[in-house]
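What follows is the residue order along each chain.
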Amino acid sequence: MIDQDQARKFWTSWVRREIGGSDMIQEAAVSAAVNELLLGHDNQAAAHAARNTARQLGGGVSTPHPDPPPQGRRETVATPTPPTAPAAVPAVASQIPAPLNPGKSLFRRPWLYLGGVAGIVATAVVVIFIARSAHSLGCLVSQTTLGHRMTTLHNAFVDVYNRDFNVIDACTSVDCEKAPKLEIAASLKTYNDGLDKVCWPNKYTADVTALKHANKGMADAFTTWATATTPAEDQSLQTAAKDQDNRQGLADDALSRDLGVPVVTPTPTAS
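A quick note: this is a predicted structure, and the numbers were derived from the prediction, not measured.

1. Remarks on empty space enclosed by the protein
The full count for this structure, using the stated rule, is one cavity of 30 Å³ or more. Elements supplying a minimum of two residues to the lining of the largest cavity: α2 (23–38), α5 (143–170) and α6 (174–196). When its residues are assigned to classes, the lining of the largest cavity shows seven nonpolar, three polar and two charged.

2. Remarks on the packing of α5 against α6
As a packed pair, α5 and α6 sit with axes 9 Å apart at the nearest point and diverge in direction by 175°. By the criterion of interaxial angle, the relationship of α5 to α6 is roughly antiparallel. Only E177, P180, K181, E183, I184, S187, L188, Y191, G194 and L195 of α6 make contact with α5, whose side of the interface consists of R149, M150, L153, H154, F157, V160, Y161, R163, D164, F165, V167 and I168. Of the residues assigned to the contact of α5 with α6, the class counts are 13 nonpolar, three polar and six charged.

3. Considering α5
With 28 residues, α5 ought to run about 40 Å at 1.5 Å a step, and its terminal C-alpha atoms sit 40 Å apart, in line with that. Counting buried positions along α5 gives 25 out of 28 residues, so the element sits mostly inside the fold.

4. Remarks on the state of the cysteines
Inspection of every chain in the model, using the stated rule, returns one disulfide. Put simply, C171 and C176 are joined by a disulfide, and their sulfur atoms are 2.0 Å apart. Across the S-S bond linking C171 and C176, the dihedral sits near -65°, which makes this disulfide left-handed. The exposure class of C171 is buried, given its relative accessible area of 8%.

5. As for the side chain of N35
Relative to the helices and strands, N35 is located in helix α2. With a relative accessible area of 0%, N35 lands in the buried category. A distance of 3.1 Å separates polar atoms of two side chains, one belonging to N35 and the other to D164. Not counting the four nearest positions on each side in its chain, N35 is found in contact with R163, D164, A179, P180 and E183.

6. Some words on the packing of helix α1 (residues 4–18) against α2
The interhelical angle for the contact between α1 and α2, taken along N-to-C directions, is 135°, at an axis separation of 9 Å. Comparing their axes, α2 and α1 come out oblique. Taken as a pair, α1 and α2 cross one another with a handedness that is right-handed. Touching Q4, A7, R8, W11, T12, V15 and R16 of α1 are Q26, E27, A29, V30, S31, A33, V34, L37 and L38, all from α2.

7. Digging into the pattern of salt bridges
Here the structure, examined in full by the defined rule, presents 10 salt bridges. The closest approach of N and O atoms between R51 and E18, which form a salt bridge, is 3.9 Å. Placement of R51 in helix α3 (residues 43–57) and of E18 in helix α1 is noted, with a sequence separation of 33 residues between them. A relative accessible area of 29% places R51 in the partly exposed class. The class for E18 is partly exposed, based on a relative accessible area of 38%. Here the salt bridges do not stand alone but share partners, grouping R17, E18 and R51 into one network.

About the thresholds
Residues numbered from 1 in each chain as written. Predicted model: local features only at pLDDT ≥ 70, side-chain atom pairs only at ≥ 80, totals over all residues. Heavy atoms only, no water. 1 Å grid on protein atoms, 1.4 Å probe; cavity = no way out; pocket = protein on both sides within 12 Å on 5 of 7 lines; lining within 4 Å. Points joined across faces, edges and corners; volume = space filled by probe spheres on them. Helix = DSSP H or I, 4+ residues; strand = E, 2+ residues; numbered from the N terminus. Nonpolar A, V, L, I, M, F, W, Y, C, P; charged D, E, K, R; others polar. Axes fitted to C-alpha atoms, helices over the stretch in contact; angles between N-to-C directions. Parallel < 35°, antiparallel > 145°, perpendicular 65-115°, else oblique. Contact = heavy atoms within 4.5 Å. Expected span 1.5 Å × (residues − 1). Buried < 20%, exposed > 50% of the residue type's maximum accessible area, 1.4 Å probe, protein only. Disulfide = S-S within 2.5 Å. Polar contact = N/O pair within 3.5 Å; in protein donor to acceptor, adjacent residues only side chain to side chain. Left-handed = near helix turned anticlockwise from the far one by under 90°. Salt bridge = Lys/Arg side-chain N within 4 Å of Asp/Glu carboxyl O.

In structure tokens:
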């Protein structure tokens, strides 16, 4: 078993040097790399995962699967905006096999939110400025800026969630599922850290607080779920995790709706 703290320190330095980007993008890239190592993959796979995650969060267009996802899963939909970087990082094919356990009870479907790349980059600059000046200026962030920030945080979480649930579905043992469950819990903490860095106007405080509580509740439930050692215990703890997952979805949708964040609607497929 790898030393996660040491691995995270190494990949944090590597991502900062080789990839760069905002703190949120670097954090997501590091998590993707460490997750590959936890799954037993080599450093090359970890580097590919880190670059691919940074590319997606930096404005790359993710490619939706041609078939609809299993019922109850979180939907991953392409963001209809091109990357702004002069040279896009090439896409890396996923090394995770297709789900092998169609009978597993699956969770709800989240949606990726729309957000322009240029707007997200501008948002990062504005948020940093506002956060540093909030003590004297107050929360002078526009609803559009807040919407872009919410889009970035939500989509980063959905990317980790969907990737890790692919791993969970492919697992044939309870022990195999531990690492992706903990990765989902960690991504929720990253989500809350991102929410804390934004200066929210008073009218959004209640929704933001509710989402942070829901994120923590889901993170705690997934962390507990990861402690399961038998199939029976796994099923029991999964029920609580599913309940917290649904609560998080409602809180997430409530804040996004109030911010006027549009949801990407997937193209219907022929039955």
